[in-house]
Amino acid sequence: KDHLSQVEAFSADNLKDIEAFRIKYLGKKGLLNEFFAAFKDVPGEQKKEYGQSINQLKNAALEKVNALKEQLEESRSEASVYGDLTRPGTPMEIGARHPISIVKNQIVDIFSRIGFNVSEGPEMEDDWHNFTALNLPEYHPARDMQDTFFIQTDPDILLRTHTSSVQVRYMENNKPPIRTISPGRVYRNEAISARSHCFFHQVEGLYIDKNVSFADLKQTLQYFTTEMFGKSKIRLRPSYFPFTEPSAEVDVYWGLETETDYRMTKGTGWLEIMGCGMVDPNVLENCGIDSKEYSGFAFGMGIDRIALLLHQISDIRMLSENDVRFLEQFKTVL
Ligand code: PHE
């Protein structure tokens, strides 16, 4: 209703303008009548030409008035059907990507540039894919490294503690050469605090081919950290994982005195960001890959940890509280 009356007022205004135009040229006291009145004083030999031109002028004015009226009528009916098409639209609210997604996409992007594809698997796993195939037989003490949530009714079914389970599935179903990364949510029965949660997100990577060496692993990690954090130093510390031999923990140098990059301003020195190693031959064999022909490396990192670092978030719980005041801050990050 409101809109319609606006349309009416708009056309009334325009109609007034058109009428004013009509009166000025075609009205009783209009310009054209003055010209017609002057006709009698025009010398005989010029009468014909003069008469023709004022008639032309009159027709042109009439046509103009009719055309304007038609145009107005058209836009009036259009406006009453579609609304006022010249009004600016209502801006659309644009959502923000979750920081976990932002960082995950970055990681996926970096590895896809060197030929890694993305593989996914179930969050609810069986013992084989999460443990046994990964060289962690039953009663292996290393199972305690990762406190597991079991599904009460079936001791064989659990919430995966890492996405290494996806790599097992991938090896079972694909022949080497393999280059794949597996992003996903994982679960561990840990006390919830600002630094750790009972679920978080990982990206694990797997590379299997002939003659893959530890140097290939280190170079791949150096490429990754440089792309992810800017110019960066890494160091590999000897470590232990049941599924890799040798194994290492990767630290990245988070510029303390040297400001290496805008992404690494708040320096804290060496920071552990992932685990890695050469895939244990037992694991390859468990997954149907000939360990005499093939070798490979694997690595795994926590997305949440990296998101906290890059976006200077002080509490991991913010990542799962869905507070819009927090989430809105990522609107400008793609
Ligand atoms: N699966 C390990 C973890 O969750 C990470 C890892 C992956 C370590 C691959 C070495 C090789 O902690």
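Looking at an unreviewed UniProt entry, the chain carries the name Phenylalanine--tRNA ligase alpha subunit, with the source organism given as Robertkochia marina. Regarding the chain, the UniProt comment filed under Subcellular location (unreviewed entry) reads as follows: "Cytoplasm".

K.L.:
Quick question: what am I supposed to make of the overall build of the chain here?
P.N.:
Counting its secondary structure elements, the chain contains 11 helices and 10 strands. In terms of overall dimensions, the chain is more spread out than a globule: its C-alpha atoms have a radius of gyration of 38 Å, far above the 20 Å expected for 334 residues. For the chain, the C-alpha atoms occupy an extent of roughly 120 × 45 × 45 Å along the three principal directions. The buried share among the 334 residues of the chain stands at 40%. Restricting to contacts in the chain with at least 6 residues of sequence separation, those with at least 24 account for 67%. In the chain, 38 side chains carry a positive charge and 49 a negative one; their mean positions are 10 Å apart.

K.L.:
So what exactly am I meant to see when it comes to the packing of aromatic side chains here?
P.N.:
A ring pair, where both rings are aromatic, is described by two values, the distance of the centres and the angle of the planes. Counted according to the given criterion, the structure contains 14 aromatic pairs. With a centroid separation of 5.0 Å and 70 degrees between ring planes, the pair formed by Tyr253 and Trp270 is classed as edge-to-face. Of the two residues, Tyr253 is situated in strand S8 (residues 244–254) and Trp270 in strand S9 (residues 269–279); the sequence distance between them amounts to 17 residues. Judged by relative accessible area, Tyr253 falls into the buried class, the value being 12%.

K.L.:
Got a minute to help me understand the site of the ligand in this structure?
P.N.:
Surveying the vicinity of the ligand reveals 14 residues, the closest of which are His162, Ser164, Arg188, Gln202 and Glu204. The separation between a nitrogen atom of the ligand and a polar side-chain atom of Ser164 is 3.1 Å. At 2.7 Å, a side-chain N or O of Glu204 approaches a nitrogen atom of the ligand. Here the ligand loses 92% of its free accessible area of 320 Å² to cover by the protein chains. Sort the elements by how many residues they give to the shell around the ligand and strand S10 (residues 295–302) lands first, with 3 residues. Class assignment of the residues belonging to the shell around the ligand gives a composition of 5 nonpolar, 7 polar and 2 charged.

K.L.:
I would appreciate a short explanation of the environment of Leu206 in the present structure.
P.N.:
Following the sequence through the fold, Leu206 ends up in strand S6 (residues 199–209). Overall, Leu206 belongs to the buried group, its relative accessible area being 1%. Along the chain, Leu206 and Phe297 lie 91 residues apart, while their C-alpha atoms are 6.0 Å from each other. For Leu206, the contacting residues outside a window of four places in its chain are Phe116, Gln167, Met171, Ile178, Arg179, Thr180, Val279, Phe297 and Ala298.

K.L.:
Looking at this model, I keep getting lost on the pairing of S6. Mind explaining?
P.N.:
Consecutive side chains of a regular strand alternate in pointing toward one face of the sheet and then the other. Taken across its 11 residues, S6 has 8 buried, putting it largely inside the fold. Pairing analysis gives 10 bridges linking strand S5 (residues 178–187) to S6, with the strands arranged antiparallel. When the bridges of S6 are listed, Gly184 appears paired with Gln202. Examined bridge by bridge, S6 and S10 share 8 bridges and lie antiparallel to one another. Along S10, the bridge assignment pairs Ile208 with Gly296.

K.L.:
How should I be thinking about the layout of surface pockets in this particular structure?
P.N.:
Over the atoms a probe the size of a water molecule is rolled, and this reveals where empty space is left. In this structure, the largest pocket encloses a volume near 810 Å³. Arg188, Phe200, Gln202, Gly300 and Gly302 are the residues nearest the centre of the largest pocket, which is lined by 38 residues in total. Sort the elements by how many residues they give to the lining of the largest pocket and S9 lands first, with 7 residues. Grouping the amino acids of the lining of the largest pocket by side-chain chemistry returns 18 nonpolar, 12 polar and 8 charged.

K.L.:
Whenever I open this one, the packing of helix H4 (residues 99–112) against helix H9 (residues 303–311) confuses me. Can you help?
P.N.:
Geometry of a packed helix pair, given as the angle between the helix axes and the separation of the axes. Contact geometry for H4 and H9: axes closest at 9 Å, N-to-C directions at 100 degrees. Taken together, H4 and H9 sit at an angle that is classed as roughly perpendicular. Where H4 approaches H9, its residues Pro99, Ile100, Ile102, Val103, Lys104, Gln106 and Ile107 are matched on the opposing element by Ile303, Asp304, Ile306, Ala307, Leu310 and His311. Looking at the contact of H4 with H9, its residues break down into 9 nonpolar, 2 polar and 2 charged.

K.L.:
I keep staring at the sheet that holds S5 and nothing clicks. Help me out?
P.N.:
To summarise the sheet geometry, strands pair through backbone hydrogen bonds and adopt either a parallel or an antiparallel arrangement. Ordered by their spatial adjacency, 7 strands build an open sheet running S1-S5-S6-S10-S9-S8-S7, and the pairing between neighbours is mixed. Edge positions in the open sheet fall to strand S1 (117–118) and strand S7 (234–241), since each of these has one partner strand only. Here helix H6 (residues 164–173) sits on the sheet in contact with S1, S5, S6 and S10, set at roughly 35 degrees to S6. H9 contacts S6, S8, S9 and S10 of the sheet and is inclined by roughly 55 degrees relative to S10.

About the criteria used
- Residues numbered from 1 in each chain as written.
- Predicted model: local features only at pLDDT ≥ 70, side-chain atom pairs only at ≥ 80, totals over all residues.
- Heavy atoms only, no water.
- UniProt positions renumbered as here; feature names shortened; annotations may be inferred.
- Helix = DSSP H or I, 4+ residues; strand = E, 2+ residues; numbered from the N terminus.
- Rg over C-alpha atoms; globule rule 2.2 N^0.38 Å.
- Buried < 20%, exposed > 50% of the residue type's maximum accessible area, 1.4 Å probe, protein only.
- Contact = heavy atoms within 4.5 Å.
- Lys, Arg positive; Asp, Glu negative; His and termini not counted.
- Charge placed at Lys NZ, Arg CZ, Asp CG, Glu CD.
- Phe/Tyr/Trp six-rings, centres within 6.5 Å; stacked < 30°, edge-to-face > 60°.
- Near = heavy atom within 4 Å.
- Polar contact = N/O pair within 3.5 Å; in protein donor to acceptor, adjacent residues only side chain to side chain.
- Areas by Shrake-Rupley, 256 points an atom, 1.4 Å probe, with all protein chains shown as cover.
- Nonpolar A, V, L, I, M, F, W, Y, C, P; charged D, E, K, R; others polar.
- Pairing = 2+ DSSP bridges.
- 1 Å grid on protein atoms, 1.4 Å probe; cavity = no way out; pocket = protein on both sides within 12 Å on 5 of 7 lines; lining within 4 Å.
- Points joined across faces, edges and corners; volume = space filled by probe spheres on them.
- Axes fitted to C-alpha atoms, helices over the stretch in contact; angles between N-to-C directions.
- Parallel < 35°, antiparallel > 145°, perpendicular 65-115°, else oblique.

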